[in-house]
Amino acid sequence: MKINGEVTTGLGKAAYFLSQEFYTREFERNLGFVPFPGTLNVVVSDDYLDEINEIKNNCQNLIKPDEGFGAVKYIRAKLCDEINGAIVFPAKTTHEENYLEFIAENKLRDHLNLKDGDIVSLEF
């Protein structure tokens, strides 16, 4: 599946969670990289929600961290046909369903010179 979405500023909470050792250790073990402590937030059209929810609900990739932190499902994905990473689906989130959170090794806003409103593609 390949979809386009709009880059938007998130709430800034992902940096804290992605800096926790149990998340970074599991992402490195399962994806081959330690993610930059933050996500690239991409808002996608509601037209994709049924397919995204099906993927999320059937996803077997799961990190169950220490008590007090929420589980995270993830799927491998590619951003803009060039950046390998993953879309994460935190069990505890305040985002709407049409927000996708992409993780990668680099700070993507700097690496790809992205700003709010830019359109990016996600393939998963």
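Located above this text is the structure these notes cover.
Residues numbered from 1 in each chain as written. Predicted model: local features only at pLDDT ≥ 70, side-chain atom pairs only at ≥ 80, totals over all residues. Heavy atoms only, no water.

Caption draft 1: Representation of the pattern of salt bridges in the model. All told, the structure shown has seven salt bridges when counted by the stated rule. When the shortest N-O distance is used, the salt bridge between glutamate 26 and arginine 25 registers 3.8 Å. What makes glutamate 26 buried here is its relative accessible area of 16%. Here aspartate 118 ties to lysine 115 by a salt bridge, and the two come within 3.2 Å at their closest N and O atoms. Overall, the relative accessible area of 53% leaves lysine 115 in the exposed class. A cluster of three or more residues bridged by salt bridges with shared partners is formed by Glu21, Arg25, Glu26 and Arg29. (Salt bridge = Lys/Arg side-chain N within 4 Å of Asp/Glu carboxyl O. Buried < 20%, exposed > 50% of the residue type's maximum accessible area, 1.4 Å probe, protein only.)

Caption draft 2: Spatial organisation of the packing of aromatic side chains. Considering all chains together, one arrives at seven aromatic pairs under this definition. For the pair tyrosine 16 and phenylalanine 69, a centre-to-centre distance of 6.1 Å together with 25 degrees between the ring planes defines the contact as stacked. Remark: phenylalanine 69 occurs in the loop between β3 (62–63) and β4 (72–79) and tyrosine 16 occurs in helix α1 (residues 14–18); sequence separation between them is 53 residues. Taken together, a centroid distance of 5.0 Å and an interplanar angle of 65 degrees make the contact between phenylalanine 22 and phenylalanine 69 edge-to-face. Here phenylalanine 69 lies in the loop between β3 and β4 and phenylalanine 22 lies in helix α2 (residues 21–31), a separation of 47 residues in the sequence. (Phe/Tyr/Trp six-rings, centres within 6.5 Å; stacked < 30°, edge-to-face > 60°. Helix = DSSP H or I, 4+ residues; strand = E, 2+ residues; numbered from the N terminus.)

Caption draft 3: Here's a closer look at helix α3 (residues 49–58). Listed in full, the buried residues belonging to α3 are Leu49, Ile52 and Asn53. Burial along α3 is one-sided: seen end-on, the buried residues are contained in an arc of 95 degrees. Exposed and facing more than 90 degrees away from the buried side of α3 are Asp50, Glu54 and Asn58. Packed against the buried residues of α3 are β1 (2–8), β2 (40–44), β5 (83–90) and β6 (99–103). (Arc of directions from axis to C-beta. Contact = heavy atoms within 4.5 Å.)

Caption draft 4: Representation of the pairing of β2. Counting buried residues along β2, four of its five residues qualify, which places the element largely inside the surrounding structure. Inspection of the sheet shows β1 paired to β2 by four bridges, in the antiparallel sense. Paired with glutamate 6 across the strands is valine 43, a residue of β2. For β2 and β6, the ladder comprises four bridges, and the chain directions are antiparallel. (Pairing = 2+ DSSP bridges.)

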